[in-house]
Amino acid sequence: MNFLNPDARSGFFYTLKENLKNMYTPPKMERFDRNVLSKYNVYNSVFLTLPFDDIYNTGALLPLFTEVCEKGFSQNESPEQIVGFFASKYMDNPSEQDRIDLMFRFIQYVERQIVLFDAIEDAAFADVNNLEGKGSMREVRDAADAEDVRNKLKDFLDDFKIRTVLTAHPTQFYPGSVLGIITDLTEAIRTDNLYEIKKLLSQLGKTPFIKKEKPTPYDEAVSLIWYLENVFYETCGDIVNFICRNIYQGDKIGGPILSLGFWPGGDRDGNPFVTTEITHKVAERLRIAILKCYYKDMRRLRRKITFSKVDQMVADLETKIYKSAFSPDGELFLSADEFKSSLIEIRKIITSEHQSLYVEDVDSLLNKINVFGFYFASLDIRQNSHIHNSVIETISKKDSEIPNDYKDLSEEKRMEIAGNIKVENQKSDLDDEIANQTLDSMRAMKEIQQKNGELASNRYIISNNESALNVLETLAMFKLSGWENPNVDIVPLFEAVEDLKRSEDVMEELYTNPEYLAHLKRRGNTQTVMLGFSDGTKDGGYLMANWGIFKAKEAITAVSRKYDIKVIFFDGRGGPPARGGGKTHKFYASLGSDIENREIQLTIQGQTISSNFGTKDSCRYNLENLLSAGINNMVFEKGKNDLSADDKKLLDELSEFGYKKYSAFKNHEKFLPFLQEMSALKYYSMLNIGSRPAKRNKGDKLNFGDLRAIPFVGAWSMLKVNIPGFFGVGTALKAFEENGNWDKIQELFDRSLFFRTLLENSMMSLAKSFFPLTNYIQDDPEFGPFWKLVKDEYEETKRLLLKIAGHETLMENYPDGKASIAVREHIVLPLLVIQQYSLQRINEIQKNENPDENLIAVYEKLVTRSLFGNTNAARNSA
């Protein structure tokens, strides 16, 4: 198999291209083939000259190893058998250390192949995807004109907003130096600069991929601020400019339309390294970053606006922005309002006296100020309700307003006490450090607002919110911190299945509580509610989590409308379908009129930041898709996606079948042991990829409730059995096949965008599964039956999803996405084998009477190193 030769008449890439030729090939697939697949084959050959030790030998052996892996899996061989056969055939009587050394070199090589493929896809994004086509703001404008609803569209946009919130969840493993190379490599590939590409690949070969130390929360913030400065700043500005010029056409726009949120430095849930000092440093870094962006724009503006009356005004404004951006003590020489009013005055003079020359440049900067202010992105603060319980208990031992027996009182009595707390500047001298830090974080929000503006930090999120009391106690803590009427939105986060079911009652209890209602009136009768897909799926399975969140949104919308409260939903989404990812924009387009949808707010995590928003083209494409999804749902197709009572009954039954299957699986006696012993779960905590621990508790024992969603989903992904994205779906569909009601499910799939998107995302999880990798486990005396249970559900889910979609293969309606997955899975196949082989060897060595701890440590390093490449290649695996 000649893996490196693009003209080879055999092998994976030749077969893939021939299959594409022999079927009807949509234009998008042709563009993928020409701009991605062909270029990868050509540039991959450059790796043969990479300047690090033994690379030529590695480059020659790797395609042979890949071929052995493919053939071995086709014959149901285990990773251990595959590695053994390869060593005997292609290595000269190798020792165990020789094998290990070669596997490390394979990992180095594959890591760089993944970077190359990432860069090629990024470079080709605008060629493969139509940036002016379906889902773009140009299409929205044209549709509005065609249907004569431009005024209706403007009215909607006046009160509509997209808020993307960048989080520091560790699912993107490239260090900053590698990210820089990817950026340069992408540009070189875009221009087909072979000389520069070769130099960058050589640089890549010499650049370490592994971080020596775990990043601090501040390090994570700095990494993500790079995307704000280099991608979001220009992209958001361009989108808003287009809307102003082409939809509003001179009319005043009602709101910013786009806004950004930020979690690094503010998300304290389970992360003891996020301190008040870090929170202040991140807020300061965000402010300086946006001021530097404004300064660059002001420099360009000054070169253009050189005419009388305004030239000096522009120069003075530039000086003030420069001094504010580079002041060593953080002093501001003008406020955001002053900056804005000065630009408006400059605009008036240009319009009235200079024929509006360069007025569009001034408008562009004004639009950016409306989006970013002097804060760039709003820094959210988050803490767990269980921590709050501990804080309240600590305070009760010192504070006279909260009695010592507070935790023993009824919930009704505790709500009464929490609601009547008086303002008191509780000093940070409590006997508990977490209690001190929690109150300090609330004071920090006030201080950040005073410097950067209210929107700089005005949301406090309560994860694991279980009751109205959790919210009232948080409001009480703000008062105890010395803030009487906090300019803060308190956001309950509902995650677990039972919490989602209770969410309507919790919100009604809050809406009828006099103290909280007074707080809401001060906040414009607006309430934000966060819903967590990640932990919801971990707790209740794929169908129950997604349908449970949908129902919770409907119920909370109804109760909010009942009390004349405007509710905003904030979705905690991750990368893969199991964590609310996948075709996200289709979910928002399908919500119907019974769910409040005036704002779309969602978290953008880890790999999703770099893969979906890492370049200006991809960022624009995905932001506009979200915008058009909200517009389509509420302007062009309002009411068309509403589910009937019968539809909801069907989905209730489906999700219940799936929930029962998943719950039984989750409670299986081998569930946690399987994850601990047969997966890479415990190795996530060994990676220097994020500041946050892999689980919430500090004990060695694995507790399902404390396990974080990212390592949970990631562990299944590394096994190539994406349980959280499909388990229970097949069982639920089969129940309808057997009870004679399949036609009802089929009709719902054909008609409902929500249901169709739900199942299509599950197909993506199946498409990224590869059971031959773990076939060997079926013979394991302890875990064989458990593995078979997983495999059976996979096969049933695959059969029935293909049946309902009318497809022969998974994802056949997304051929470019399917092809991208196929290439990535092919590239990382050696890493998957190395990881499973290493896990097998670790288990074998540990069974010895005197296990070699040094050898175990080496194989553990192989596991962790392969984790990097596998996860980066998948782009949305965790």
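None of the values given here were measured: they were computed from a predicted structure. (Residues numbered from 1 in each chain as written. Predicted model: local features only at pLDDT ≥ 70, side-chain atom pairs only at ≥ 80, totals over all residues. Heavy atoms only, no water.)

Observations regarding the overall build of the protein
- A tally of regular secondary structure across the protein gives 35 helices and nine strands.
- Here the protein has a C-alpha radius of gyration of 28 Å; the compact-globule value for 878 residues is 29 Å, and the two agree.
- Projected onto its principal axes, the C-alpha coordinates of the protein cover approximately 80 × 70 × 60 Å.
- The 878 residues of the protein split such that 60% are buried.
- Restricting to contacts in the protein with at least 6 residues of sequence separation, those with at least 24 account for 81%.
- Split by element, the accessible area of the protein, about 34100 Å² in all, is 47% carbon and sulfur.
- In the protein, 111 positive and 128 negative side-chain charges are present, and the distance between their average locations comes to 3 Å. (Helix = DSSP H or I, 4+ residues; strand = E, 2+ residues; numbered from the N terminus. Rg over C-alpha atoms; globule rule 2.2 N^0.38 Å. Buried < 20%, exposed > 50% of the residue type's maximum accessible area, 1.4 Å probe, protein only. Contact = heavy atoms within 4.5 Å. Areas by Shrake-Rupley, 256 points an atom, 1.4 Å probe, with all protein chains shown as cover. Lys, Arg positive; Asp, Glu negative; His and termini not counted. Charge placed at Lys NZ, Arg CZ, Asp CG, Glu CD.)

Description of unusual backbone geometry
- One non-glycine residue, Asn93, adopts positive backbone phi at about 45°.
- Here Asn93 is to be found in the loop between α4 (79–90) and α5 (96–123).
- Phi is positive for Gln249, close to 45°, though the residue is something other than glycine.

Digging into the sheet that holds strand β6 (residues 489–494)
- Ordered by their spatial adjacency, nine strands build an open sheet running β3-β2-β1-β9-β8-β7-β6-β5-β4, and the pairing between neighbours is parallel. One side of each edge strand has no neighbouring strand; the edge strands of this open sheet are β3 (378–379) and β4 (381–384).
- Two elements, β6 and strand β7 (residues 526–532), share two bridges in a ladder whose sense is parallel. Residue pairing for β7: Phe494 is matched across the bridge by Leu531. (Pairing = 2+ DSSP bridges.)

Regarding the packing of helix α2 (residues 27–44) against α5
- Where α2 contacts α5, the two axes come as close as 10 Å, and the packing angle between them is 150°. Of the two possible hands of crossing, α2 and α5 adopt the one that is right-handed. From α2, Phe32, Asn35, Val36, Lys39, Tyr40, Tyr43 and Asn44 reach across to α5, where they touch Tyr109, Gln113, Leu116, Phe117, Ile120 and Glu121.
- Taken together, the residues of the contact of α2 with α5 break down into eight nonpolar, three polar and two charged. (Axes fitted to C-alpha atoms, helices over the stretch in contact; angles between N-to-C directions. Left-handed = near helix turned anticlockwise from the far one by under 90°. Nonpolar A, V, L, I, M, F, W, Y, C, P; charged D, E, K, R; others polar.)

Looking at the packing of aromatic side chains
- Under the criterion given, the structure shown has 44 aromatic pairs.
- By the ring-pair criterion, three or more aromatic residues cluster together here, those being Phe665, Phe671, Phe674, Phe712, Trp716, Phe726, Phe727, Phe771, Phe783, Phe786, Trp787 and Tyr794.
- Lys803 extends its terminal NZ or CZ atom over the ring of Trp742, reaching a point 4.4 Å from the ring centre.
- Directly above the ring of Phe104 sits Lys861, whose terminal nitrogen or CZ lies 5.8 Å from the centroid. (Phe/Tyr/Trp six-rings, centres within 6.5 Å; stacked < 30°, edge-to-face > 60°. Lys NZ or Arg CZ within 6 Å of the ring centre and 35° of its normal.)

Some points on the packing of helix α31 (residues 742–751) against helix α32 (residues 753–767)
- It is the contact of α31 with α32, at a shortest axis distance of 6 Å, that shows an interaxial angle of 95°. The pairing of α31 with α32 is recorded here as roughly perpendicular in orientation. Contacts between α31 and α32 involve Ile745, Leu748, Phe749, Asp750 and Arg751 from the first element and Leu753, Phe755, Arg756 and Leu759 from the second.
- Its residues assigned to classes, the contact of α31 with α32 shows six nonpolar, no polar and three charged. (Parallel < 35°, antiparallel > 145°, perpendicular 65-115°, else oblique.)

Focus on the confidence of the model for the protein
- Taken residue by residue, the protein gives an average pLDDT of 89. The fraction at 70 or more is 91%.
- The secondary-structure element of the protein with the lowest mean pLDDT is helix α1 (residues 12–21), recorded at 59, while β3 shows the highest, at 98.
- Counting interchain partners and residues more than four positions distant, the pLDDT-below-50 stretch residues 1–9 has 24 contacts. (pLDDT = per-residue confidence, 0-100.)

Section: the pairing of β4
- In β4, alternate side chains face the same way, and those of Ile381 and Gln383 on one face and Arg382 and Asn384 on the other are all buried.
- Both β4 and strand β5 (residues 459–463) contribute to a ladder of four bridges, which runs parallel. Of the residues in β5, the one forming a bridge with Asn384 is Ser463.

A short note on the environment of Leu773
- You can see Leu773 is positioned in the loop between α32 and α33 (784–805).
- Taking relative accessible area as the criterion, Leu773 reaches 0% and is therefore assigned buried.
- It is 9.1 Å that separates the C-alpha atoms of Leu773 and Leu829, two residues lying 56 residues apart in sequence.
- Once residues within four sequence positions are removed from consideration, Leu773 is found in contact with Phe73, Pro79, Met718, Leu719, Lys720, Leu832, Val833 and Gln836.

Regarding a negative patch on the surface
- On the surface, Glu411, Glu504, Asp505 and Glu509 cluster together into a patch of negative charge.
- Top contributing element to the negative patch by residue count: helix α20 (residues 497–511), with three residues.
- Looking at the element boundaries, Glu509 is found in helix α20. (Patch = residues over 30% accessible without salt bridge, like charges linked within 9 Å, V, L, I, M, F, W, Y side chains within 5 Å. Salt bridge = Lys/Arg side-chain N within 4 Å of Asp/Glu carboxyl O.)

Some details on the nonpolar core
- Phe262, Tyr294, Phe339 and Trp716 are the most contacted members of the largest nonpolar core, which has 192 residues in total.
- Broken down by element, the residue count for this core peaks at 17 residues, all from helix α11 (residues 217–248).
- Setting aside residues no more than four positions away along its own chain, Tyr294 makes contact with Tyr233, Ile321, Phe339, Leu365, Lys368, Ile369, Phe372, Gly373 and Phe374. (Core = buried A, V, L, I, M, F, W, Y, C linked by side-chain atoms within 4.5 Å.)

Let's talk about helix α10 (residues 194–206)
- The end-to-end C-alpha distance of α10 is 19 Å, a good match for the 18 Å that 13 residues give at a rise of 1.5 Å each.
- Taken together, the buried positions of α10 are Ile197, Leu200, Leu201, Ser202, Leu204 and Gly205.
- Of the surrounding elements, those touching the buried residues of α10 are α2, α5 and α9 (176–190). (Expected span 1.5 Å × (residues − 1).)

Focus on the side chain of Glu121
- Tracing the backbone shows Glu121 in helix α5.
- Taking relative accessible area as the criterion, Glu121 reaches 16% and is therefore assigned buried.
- Among the polar contacts made by the side chain of Glu121, one reaches the side chain of Ser820 at a distance of 2.8 Å. (Polar contact = N/O pair within 3.5 Å; in protein donor to acceptor, adjacent residues only side chain to side chain.)

Focus on the pairing of strand β9 (residues 599–605)
- Counted residue by residue, β9 has seven buried out of seven residues, so it is predominantly covered.
- Side chains Glu599, Gln601, Thr603 and Gln605 project from β9 onto one buried face, and the interleaved Ile600, Leu602 and Ile604 project onto a second face that is buried too.
- Relative to β9, strand β1 (residues 161–167) runs parallel, the two being bridged by seven bridges. Counted as the bridge partner of Thr164 is Leu602 from β9.
- The sheet contact formed by strand β8 (residues 566–572) and β9 spans two bridges and is parallel. Among the inter-strand pairings, Asp571 is bridged to a residue of β9, identified as Leu602.

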